[in-house]
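Descriptive analysis of the structure
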Amino acid sequence: MVAPLVGPDGAPPLPWLAAPLQRALHELRGHATLLHGAAGSGLFELAMTLAQGWLCEAPAGQGRPCGRCTSCHLALARTHPDLLVLVPDALRERLGWGGEGDDEPADGEAKPRGKASREIRVEAVRQAIGFAQQSSARGRAKAIVIHPADTMNLVSANALLKTLEEPPGSLRLVLTTASAQALLPTLRSRCQALRLDVPPAADALAWLRGQGVAEPEAQLVAMGGQPLAVLDWLLDGGDAKDWPRLPAMVARDGDTGPLTGWPLPRAIDALLKLCHDAMAVTVGGTPRFYPPGSVPAGASLPALVEWFKALTRASRYDEHPWNAGLLVEALVTQGRRAWSEASLHSRP
Ligand SMILES: [Zn+2]
């Protein structure tokens, strides 16, 4: 989605960010911040709001962007000379952050054709370090946003350490991550951490309705309460009608249904959530992601555990050399076995 950084009245781009922004302004003291929490709750938007606030030239802003000064206008237009945003190429378009790479390799090195990179490249980090050493173009401050920071590989993360430790001049950095454990400990320890929780469901539902999502309730549950994840899912071709039908499709028929039409990570995520809920139902609990009653009971717990391992392994591959459709079929077939094996064993 293309979210404005901050409205003309200085309100955060997503209404539920008002409270976390207030907390951040109250608590944050250092020059480096690590925002962690649910990615679909607005990590990037909060990071951008903080950066815009640091650069804001309104006298009474105190870290809150006014939305009206020249600096805020430049940030809103995404042309601020003192703001650098590092995101993987694969995320650029979805975040509305232009198509051309700031992280184009400067040495003319050929970029891999086809798939956009899911990593923040080391060239981009080196460029950020160069940016950090220049003086502020508007004479006030500078800001770097790195989203998500866990997409920096080891070399990139190490290259950044010195800048994080001793940022030149008036530079402030904000890093985001949905999995703080995935970051280098040396990188984590140089930042002040701030957690962003999922918003209250009522706020998330009201906002989703305002975005034109007709009946967002089930979808918000499906996406773990993260409203931006719901919009992403719809952009990826998700359909609210399919979601409650998925458990029975997989458990009874071993049918991939709409899953093969989704991007692979999205299909694996849906199966992981089904496996989680099937485990919960099997031990007498309630499903967390699928509607109550939609997840068939009576699966074999050991088979579910094996399925969970296979799904987790599949979710870790960065690139899949083989046909994604075949992989989804294989995973669905394995899942169905968890139910069919259990019914075989329960026969007299
Ligand atoms: Zn301003």
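A brief look at the structure comes next.

Parameters and conventions
- Residues numbered from 1 in each chain as written.
- Predicted model: local features only at pLDDT ≥ 70, side-chain atom pairs only at ≥ 80, totals over all residues.
- Heavy atoms only, no water.
- Helix = DSSP H or I, 4+ residues; strand = E, 2+ residues; numbered from the N terminus.
- Buried < 20%, exposed > 50% of the residue type's maximum accessible area, 1.4 Å probe, protein only.
- Contact = heavy atoms within 4.5 Å.
- Areas by Shrake-Rupley, 256 points an atom, 1.4 Å probe, with all protein chains shown as cover.
- Phe/Tyr/Trp six-rings, centres within 6.5 Å; stacked < 30°, edge-to-face > 60°.
- Core = buried A, V, L, I, M, F, W, Y, C linked by side-chain atoms within 4.5 Å.
- Polar contact = N/O pair within 3.5 Å; in protein donor to acceptor, adjacent residues only side chain to side chain.
- Pairing = 2+ DSSP bridges.
- Axes fitted to C-alpha atoms, helices over the stretch in contact; angles between N-to-C directions.

Remarks on the overall build of the protein chain
Along its length, the protein chain carries 14 helices and 5 strands. Here the protein chain holds 348 residues, and 49% of them are scored as buried. Long-range contacts, defined as pairs at least 24 residues apart, comprise 70% of the intrachain contacts of the protein chain with a sequence gap of at least 6. Surface accessibility of the protein chain: about 16,400 Å² in total, with carbon and sulfur atoms responsible for 54%.

Here we look at the packing of aromatic side chains
Within this structure, the stated rule accounts for 5 aromatic pairs. Where Trp 233 meets Trp 243, the ring centres are 5.4 Å apart and the plane angle is 80°; that geometry is what we call edge-to-face. Of this pair, Trp 233 sits in helix H10 (residues 227–235) while Trp 243 sits in the loop between H10 and helix H11 (246–253), placing them 10 residues apart in sequence. Of the two residues examined, Trp 233 and Trp 243, each falls in the buried class.

Describing the nonpolar core
Counting 73 residues, the largest nonpolar core has Leu 83, Val 145, Leu 259, Trp 307 and Leu 331 as the members making the most contacts within it. A per-element tally of this core places helix H12 (residues 264–282) first, with 10 residues. Beyond its immediate chain neighbours, meaning those up to four positions away, Leu 259 contacts Leu 246, Ala 267, Ala 270, Leu 271, Val 328 and Val 332. Grouped together as the second largest cluster of nonpolar side chains are 25 residues, Ile 120, Phe 131, Ile 146 and Met 152 included.

With respect to the side chain of Ser 300
Mapped onto the secondary structure, Ser 300 falls in the loop between H12 and helix H13 (301–316). In this structure Ser 300 comes out as buried when scored by relative accessible area, which is 12%. In terms of polar contacts, Ser 300 uses its side chain to reach the backbone amide nitrogen of Ala 303, at 3.1 Å. Here Ser 300 is in contact with Ala 338, Glu 341 and Ala 342, once residues within four sequence places are set aside.

Observations concerning the sheet that holds strand E2 (residues 83–86)
Hydrogen bonds between backbone atoms are what pair the strands of a sheet, whose relative direction is either parallel or antiparallel. On the basis of which strands lie adjacent, the open sheet formed by 5 strands has the order E2-E3-E4-E1-E5 and parallel pairing. Edge positions in the open sheet fall to E2 and strand E5 (192–196), since each of these has one partner strand only. Going from strand to strand, the sheet's axes swing by 15° on average, the running direction of each strand aside. For strand E1 (residues 32–37) and E5, the ladder comprises 5 bridges, and the chain directions are parallel. By the bridge assignment for E5, Leu 34 is matched with Ala 193. Those strands touched by helix H6 (residues 154–165) are E1, strand E3 (142–146) and strand E4 (171–177), and its axis lies near 135° from that of E4.

With respect to unusual backbone geometry
A cis amide bond, omega -20°, links His 147 with the succeeding residue Pro 148. Position of Pro 148 relative to the elements: it lies in the loop between E3 and H6. Phi angles above zero are rare outside glycine, and Arg 78 is one such case at about 65°. Turning to its location among the elements, Arg 78 is positioned in the loop between helix H3 (70–76) and E2.

These figures come from the coordinates and say nothing about function on their own.
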